[in-house]
Amino acid sequence: MTTGDHPMADYIGAIDQGTTSSRFIVFDRSGQIVSVAQKEHTQIFPRPGWVEHDPAEIWRCVTEVIQYAMEARDLKPSDLSGIGITNQRETTVVWNKKTGKAVYNAIVWQDTRVADKVEELIANGGQDRYRAKTGLPLATYFSGLKLRWILDSVPGARMAAEAGDLLFGNIDSFLIWNLTGGVQGGVHLTDVTNASRTQLMDLRTLNWDQDILAEFNIPASVLPKIASSSEVYGRAVLGSIKDVPIAGDLGDQQAALFGQACFQPGEAKNTYGTGSFMLMNTGTKAIASQHGLLTTLGYKIGVQPAVYALEGAIAVTGSLVQWIRDNLGIIENSSDIESLARTVTDNGGIYIVPAFSGLYAPYWKDSARGVIVGLTRYVNKGHIARAVLEATAFQVREVVDAMQQDSGIELANLRTDGGMVVNQLLMQFQSDILNKPVVRPMVQETTALGAAYAAGLATGFWKDQDELVANWAEDQRWNPSMEEEKRASFYHFWKKAVTRSFDWAE
Ligand code: ADP
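The structure presented is a predicted model; accordingly, all values stated were derived computationally and were not measured.

Criteria and thresholds
- Residues numbered from 1 in each chain as written.
- Predicted model: local features only at pLDDT ≥ 70, side-chain atom pairs only at ≥ 80, totals over all residues.
- Heavy atoms only, no water.
- Pairing = 2+ DSSP bridges.
- Helix = DSSP H or I, 4+ residues; strand = E, 2+ residues; numbered from the N terminus.
- Axes fitted to C-alpha atoms, helices over the stretch in contact; angles between N-to-C directions.
- Buried < 20%, exposed > 50% of the residue type's maximum accessible area, 1.4 Å probe, protein only.
- Right-handed = clockwise from strand over helix to strand, strands pointing away.
- Near = heavy atom within 4 Å.
- Polar contact = N/O pair within 3.5 Å; in protein donor to acceptor, adjacent residues only side chain to side chain.
- Areas by Shrake-Rupley, 256 points an atom, 1.4 Å probe, with all protein chains shown as cover.
- Salt bridge = Lys/Arg side-chain N within 4 Å of Asp/Glu carboxyl O.
- Core = buried A, V, L, I, M, F, W, Y, C linked by side-chain atoms within 4.5 Å.
- Contact = heavy atoms within 4.5 Å.
- Parallel < 35°, antiparallel > 145°, perpendicular 65-115°, else oblique.
- Nonpolar A, V, L, I, M, F, W, Y, C, P; charged D, E, K, R; others polar.
- Expected span 1.5 Å × (residues − 1).
- Arc of directions from axis to C-beta.
- Phe/Tyr/Trp six-rings, centres within 6.5 Å; stacked < 30°, edge-to-face > 60°.
- Lys NZ or Arg CZ within 6 Å of the ring centre and 35° of its normal.

Visitor: Mind showing me how you'd approach the sheet that holds strand β15 (residues 294–299) here?
Guide: Across the sheet, seven strands lie side by side as β15-β16-β14-β13-β19-β20-β21; this open sheet has mixed pairing. The open sheet has two free edges, formed respectively by β15 and β21 (474–478), since each of these has just one partner strand. Averaged over all pairs of adjacent strands, the angle between strand axes in this sheet comes to 30°, irrespective of strand direction. The sheet contact formed by β15 and strand β16 (residues 307–314) spans five bridges and is antiparallel. Within β16, the residue paired with L297 across the bridge is Y308.

Visitor: Would you explain the pairing of strand β20 (residues 438–441) in this entry?
Guide: By the alternation rule, side chains of β20 split into V438 and R440 and V439 and P441, which are all buried. One ladder, built from two bridges, connects strand β19 (residues 414–417) with β20; its direction is parallel. Bridge pairing in β20 links L414 to V438. Read as a crossover between parallel neighbours, the route from β19 over helix α13 (residues 424–434) to β20 is right-handed. Of the strand pairs in this sheet, β20 and β21 are connected by four bridges, and their pairing is antiparallel. Each residue of the ladder has a partner; that of V439, found in β21, is R477.

Visitor: When you look at the site of the ligand in this model, what are you seeing that I'm missing?
Guide: Inspection of the region around the ligand gives 15 residues, with T274, G318, S334, G419 and N423 positioned closest. T274 places a side-chain nitrogen or oxygen 2.5 Å from an oxygen atom of the ligand. Contact with the protein chains hides 69% of the accessible area of the ligand, taken as 590 Å² for the molecule alone. In terms of residues, the shell around the ligand owes the most to one element, helix α10 (residues 318–326), which gives four residues.

Visitor: Would you mind showing me how to read the pattern of salt bridges here?
Guide: Two side chains that carry opposite charge are able to pair once their charged atoms sit near each other. Evaluated as defined, the whole model comprises 29 salt bridges. R197 is the partner of E311 in a salt bridge, and the nearest nitrogen-oxygen pair spans 3.0 Å. Note that E311 is positioned in strand β16 and R197 in the loop between α7 (192–195) and α8 (210–216), a separation of 114 residues in sequence. Residue R197 is classed as buried on the basis of its relative accessible area, which comes to 0%. Between R477 and E474 there is a salt bridge; the shortest N-O distance is 3.0 Å. Connected via shared salt-bridge partners are R89, E90, R197, D252 and E311.

Visitor: What is the right way to read the nonpolar core from this model?
Guide: Grouped burial of nonpolar side chains is what soluble globular proteins tend to show. The biggest cluster of nonpolar side chains holds 69 residues, and the ones touching the most others in it are Y141, Y272, I337, V388, L389, F394 and W494. When residues of this core are assigned to their parent elements, the largest contribution, 13 residues, is made by helix α12 (residues 381–407). Residues within four places of I337 in sequence aside, it is in contact with V321, I324, I331, A385, V388, L389 and N423. V94, I150, L206 and I212 belong to the second-largest nonpolar core, a separate cluster that totals 37 residues.

Visitor: Help me out: how do you make sense of the packing of helix α9 (residues 252–259) against helix α14 (residues 446–459) in this one?
Guide: Two elements in contact, α9 and α14, have axes separated by 7 Å at closest approach and are oriented at 75°. Taken together, the axis directions place α9 and α14 in an arrangement best described as roughly perpendicular. Between α9, through D252, A255, A256, F258 and G259, and α14, the contact on the second element is made entirely by T446, T447, L449, G450, A451, Y453, A454 and L457. Taken together, the residues that form the contact of α9 with α14 break down as eight nonpolar, four polar and one charged.

Visitor: In this structure, what is going on with the side chain of N281? I would like to understand it.
Guide: Looking at where N281 falls in the secondary structure, it is placed in strand β14 (residues 276–283). A distance of 3.4 Å separates a polar atom in the side chain of N281 from a polar atom in the side chain of Y299. Beyond its immediate chain neighbours, meaning those up to four positions away, N281 contacts L257, C262, F263, Q264, P265, G266, E267, Y299, V307 and Y308.

Visitor: Honestly, helix α16 (residues 484–501) in this entry has me stumped. Any pointers?
Guide: Three- or four-residue spacings in an α-helix give side chains the same orientation, since the helix completes a turn every 3.6 residues. The terminal C-alpha atoms of α16 lie 26 Å apart, and with 18 residues this matches the ideal 26 Å at 1.5 Å per residue to within 8%. Looking only at α16, the buried set comprises R487, F490, Y491, W494, A497, V498 and S501. The arc that holds every buried residue of α16, seen down its axis, measures 115°, which confines them to one face. Looking at the buried positions of α16, the neighbouring elements they touch are β17 (351–353), β18 (371–373), α12 and α13. Among the residues trailing α16, D503 stands out with phi positive, at a value near 55°.

Visitor: So what exactly am I meant to see when it comes to the sheet that holds strand β1 (residues 11–17) here?
Guide: Sheet strands pair by backbone hydrogen bonding; their relative direction is either parallel or antiparallel. Spatially, β3-β2-β1-β5-β12-β11 is the arrangement adopted by the six strands of the open sheet, whose pairing is mixed. Only two strands of the sheet have a single partner each, and these edge strands are β3 (33–40) and β11 (230–235). Going from strand to strand, the sheet's axes swing by 25° on average, the running direction of each strand aside. With five bridges connecting them, strand β5 (residues 80–87) and strand β12 (residues 245–251) associate as parallel partners. Bridging across to β12, I83 finds its partner in I246. Relative to β12, α9 is tilted by about 105°, and along the sheet it contacts β5 and β12.

Visitor: Even after reading the chapter, I still don't get the packing of aromatic side chains, so can you show me in this structure?
Guide: Note on aromatic pairs: each is described by the distance of the centres and the angle between the planes. Applying the stated criterion across every chain, the model contains 22 aromatic pairs. Taken together, a centroid distance of 5.1 Å and an interplanar angle of 20° make the contact between F394 and W494 stacked. Within this pair, whereas F394 is found in helix α12, its partner W494 is found in helix α16, the two being separated by 100 residues in sequence. As far as the burial class goes, F394 and W494 line up, both buried. Here the aromatic rings of F461 and W462 are separated by 4.8 Å at their centres, their planes lie at 85°, and the arrangement is edge-to-face. For W462, a relative accessible area of 0% gives the class buried. In this structure an aromatic cluster arises from ring pairing among W109, Y141, F142, F277, Y360 and W364. Directly above the aromatic system of W50 lies the positively charged group of R47, at a separation of 4.2 Å from the ring centroid. It is R113 that lies over the ring of W149; its NZ or CZ is 4.5 Å from the centre.

Encoded structure:
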């Protein structure tokens, strides 16, 4: 690897464009945070099940957080060796390359407007008809059908696309295009991890799949070039970061895998946020899931072979805590859940299955709905708080079981990150239910760190992955201390509770 143009730079930057906010974080060589700025953007809900963001607002937020974080520590562009980007995956933007304006709001990953189209495709060939090529079941979650919806539903969009005027991307592509000049020569590309979430890329060739494009009626001219996750894509034109190489791009969950330095096959991390996402590095082999997981790209460093991952996506974990806070008012702050749960010694026999919008991994059942089972006159709000936290741990156990079965690899321990990992009761229960140690790293901003790592490898800021592994340090570890009989009984009742959520919606 060659050293970038900023050989004296002490830092590296990361743009973390998430579902609720955008952040810019500056890291030093040891992975410590030097400066950070964050800004939320508007969530737009035009109809039930529809979720949108305004791409222009997101771009404004990104430019502002970059400027704030740079100014806060008096940083100059030459202090940065490079910038990496990580983003909310699957969220779909289509914009005009002559004006830079989006033709429609960004359609967010949670948006379910393409449900009818999904049903139609499932009726003609099953939910797994694209799994062999793309690693993904048919679901409303991925970008391909969202892109198609925009082309079909926005007046004039398809004609403009066919005239070669429109560009499509996940948020990463939209940001990279704008950062590198926009209408004045911005580069239009994405990385393999983001491309793997469109359901339009062949996992093995890493190219757009012509057959799927034809079936989805998507003109190839709108698609970005597929690049690696770590290379210099172009240079920033913004004043506060002028000429800094844009050199890393990873979807948020893949960035967390990278930031946790899970570089060996069999290493896995679980991010506990609104939902939870476990990814396991499976090396240079794409493993087809037989147990309800997604096969996805992990990362690709420059010209090195792509690394694949198995992913268990769980829709509702932290948002169940928000639900009992906001909808039931049982607690005031998310963090109060722990003290309330500690007022009792167990769940009092109740289980909560938070299938609010169906169940994702490992079930993929759209028609499941949430249930609370096992209620007796004995149960109080302490038991409910406990069952809320346990629901996260049980769902993660199901994904770990699926992961081990699919990969044939026994996890030694589980690396964790995300907003819920401050919860000691949850982490201990997770370790008990998995019967494995659970470990939390010192630097918990793993998503942004992963993007910074990808950029820093490309510019020579870090020599190799061994340096990144050396940066990883353990903060806290929880060891299992539950008797086997108890663990088996809890899990048995959890599994039974899950079956009670099936086939509710009609
Ligand atoms: P995201 O990146 O998905 O927005 P975060 O990683 O910031 O999410 O995590 C936020 C989630 O963590 C929220 O759903 C919140 O309810 C939950 N959370 C925050 N603090 C706690 C806590 N002490 N115990 C349990 N859950 C928590």
